Amino acid sequence: MTLKERDKKHLWHPLTQHKLHPEHIAIRKAKGVLLYDEEGKDYIDGIASWYTCMYGHCNDYITQKVSEQLQQLDHVVFAGFTHEPAVKLSEELIKILPDNQQKIFFSDNGSTSVDVAIKIALQYHFNQGDKRSKIIALEDGFHGDTFGAMSVSGLSVYNGPFEDFFIDVARIPVPTSENFNEVRVLFEKLVKEHQVAAFIYEPLVQGAAAMKMYDSELLDELLQIAQNNGVVTIADEVMTGFGKTGKNFASEYLQNNPDIICLSKSLTAGLVPMAITSCSEKIYNAFLSEELGKGFFHGHTYSANPVACTAALAGIELLQTQEIKENIQRIIIAHQQFDEKIKNHPKVKETRQLGVIYALDLNIEMERYGNLRYQLFNFFMEHGVCLRPLGSTIYILAPFVIAEEQLQKIYRTIEKALDTF
Ligand SMILES: *Cc1c(COP(=O)(O)O)cnc(C)c1O
C-alpha cells in the first residue's frame, strides 16, 4: 500500500473536510527548496511550508547544530531550571527585536504565543487593580485556533460552533486611506468607553486574509491612541517575523513599539514547533510582587525545549549572514520585475508586495472561488510548484534560499495558470 492509502485509515488532517478531500500527497523527503513525493516527483516549496523553512528544508548548518545539541541535552523542565540554548536564544533575540522588548516567554506554537499574550495583557491590568476585559482586534485577522487566539481572529467562517464561548472582542476594520477617519473615531470610542485591555494586530500583512497589506502610518496612529490610554499593544508577528517583510520584524516599519510580540513559524527555521511571546520591562514588572499569585502561572511541558532553542539560534544566525540578506534583496527585486510584467494582465485584479511576500488577486467571479482554489492548487502541483491559493489570491512566500531559476519557474507557472483558467 502507498503512504497515501495507509494515511486514510487512521489519520485526521488539520483544516480538512475529509468527505470532500480524502487524498493527501505523501512527501518522502525535502531538501533546500524542494519537496519530494512518494513517487519521487519534486515540487518547489513556494510557500516555505507555511512560512517556516525560510533557510531551506533540512538545512545542513541547522541540522548539524541540532544533532550536536541532541547529544548534549534533550530536555529539562523549564520551571526551576535553565540551560544554555534558552539563555543564548534570549540574548540573541533581544538584540534583534524592537528596542523595548526585554523578556522572553516560551510556548509551543503560534496560537499558544497569542493565548499567552492575551493572558499577560489581562493579568497586567488585573495585577494593578484595573479589571479590563475587552480586546480590540482587526477584522480579517488570523491569530490561531486555540480559544483565545480563535476569539481574536476575525476570519471566523468555520468558528460557528465555538462563538458563544469566545472572550470579549471588538473588531475594527483594517485601516485604509479611505476609511481611516471612521476607523480612528471607532477605535477612540472603544478605548474611551470600554475597559479595553489590549489591541492585537498582525503588523502590515494579514497572512491568512490572503496577504492583505495595510499602511504603517495608519497603524502607528492607532498604536499611539492605544498607548495614550493604557491599552496593551500586541503585535502578532508569527507570520511576518524573521526577515520576510524585508526587515527582521514588521514592527520595525512603525514608530510605536508594541508592548508584546508573538513569534513562531520560522522562529525554529521549520524544524520543530516552538513559540515565543516577548514583552517590555514595563509589562514584566507588573508581575513582580511579594504575592505569589501575581506571577504568571502559565506553562507548557516542553517550554524552551533545548533542541528547539538550538534550531532557533542557528536560524537567527543565518538570518544575519550577508548571504541571506543578499538573497532577500534579490527576491524583492525579482518580485518587482515579475509584478511589472504581470500586473496589467486582464485576469489580474490587484497585486501587492512587502519584502519577499508577493500576492496577486485574480479577476474571477465569486461563484468560482471555491472550486478554483483547488483547481489552481492541483494545476501548480502538476507543474511541480507548491503554491496554495487563498480564496482568489495566489501568493508566493518562498524560502530565502530559492535559486533564480526556481523563482522564474514559479513565475512562469503562474503565468501559465493565468492563461489556462
Ligand atoms: C499561523 C499563525 C498563527 C497560528 O500559529 P500556529 O502555530 O498555527 O498555531 C497565529 N498568528 C499568525 C499571524 C499566523 O500566521
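Here we summarise the structure given alongside this text. If you're wondering where the values come from, they're calculated on a predicted model, not measured in any experiment.

A separate point is the site of the ligand. Around the ligand lies a shell formed by Asn 109, Gly 110, Ser 111, Phe 142, His 143, Gly 144, Glu 202, Asp 236, Val 238, Met 239 and Lys 265. Within the side chain of Asp 236, one N or O atom sits 2.7 Å away from a nitrogen atom of the ligand. Lys 265 places a polar side-chain atom, nitrogen or oxygen, 2.6 Å from an oxygen atom of the ligand. When the free accessible area of the ligand is taken as 380 Å², the share hidden by the protein chains comes to 82%. When its residues are assigned to classes, the shell around the ligand shows three nonpolar, five polar and three charged.

Let's shift gears to the pattern of salt bridges. Taken as a whole and assessed by the stated rule, the structure comprises 16 salt bridges. A salt bridge links Asp 60 to Lys 31; its shortest N-O distance comes to 2.7 Å. A residue pair is termed long-range when its members are at least 10 positions apart, and Asp 60 in helix H3 (residues 60–72) and Lys 31 in strand S1 (residues 27–31) qualify at 29 residues. Note that Lys 95 is salt-bridged to Glu 92, the shortest N-O span being 3.0 Å. Separated by three residues within a single helix, Lys 95 and Glu 92 lie in helix H4 (residues 84–96), roughly one turn from each other.

Its identity is not glycine, yet Cys 58 carries a phi of approximately 45 degrees, on the positive side. In this structure, Cys 58 sits in the loop between helix H2 (48–51) and H3. Of note in this structure, Phe 242 is not a glycine but carries a positive phi near 65 degrees. In this fold, Phe 242 is placed in the loop between strand S10 (232–236) and strand S11 (260–263).

Cut-offs and rules
All residue numbers here refer to positions counted from 1 along the written sequence of the relevant chain. It should be noted that, the model being predicted, local features are given only for residues of pLDDT at least 70 and side-chain atom pairs only at 80 or more, the latter also being counted only at that level, while totals for whole chains, interfaces and linings use all residues. Calculation of side-chain values draws on the structure's entire complement of heavy atoms; hydrogens and water are dropped beforehand. Any residue with a heavy atom lying within 4 Å of a molecule or strand is counted as near it. Throughout this description, a polar contact denotes any pair of N or O atoms lying within 3.5 Å of each other; where both atoms belong to protein, one of them has to be capable of donating a hydrogen while the other can accept it, and for residues adjacent in sequence the pair is counted only when both atoms sit in side chains. All accessibility values rest on the Shrake-Rupley procedure with a 1.4 Å probe; residue burial counts only the protein chains present in the view. Each residue is assigned to one of three groups, with Ala, Val, Leu, Ile, Met, Phe, Trp, Tyr, Cys and Pro labelled nonpolar, Asp, Glu, Lys and Arg labelled charged, and all others, Gly among them, labelled polar. A pair is scored as a salt bridge if a Lys or Arg side-chain nitrogen falls within 4 Å of a carboxyl oxygen belonging to Asp or Glu. Going along the chain from the N terminus, every DSSP run of H or I of four or more residues is numbered as a helix, and every run of E of two or more is numbered as a strand.

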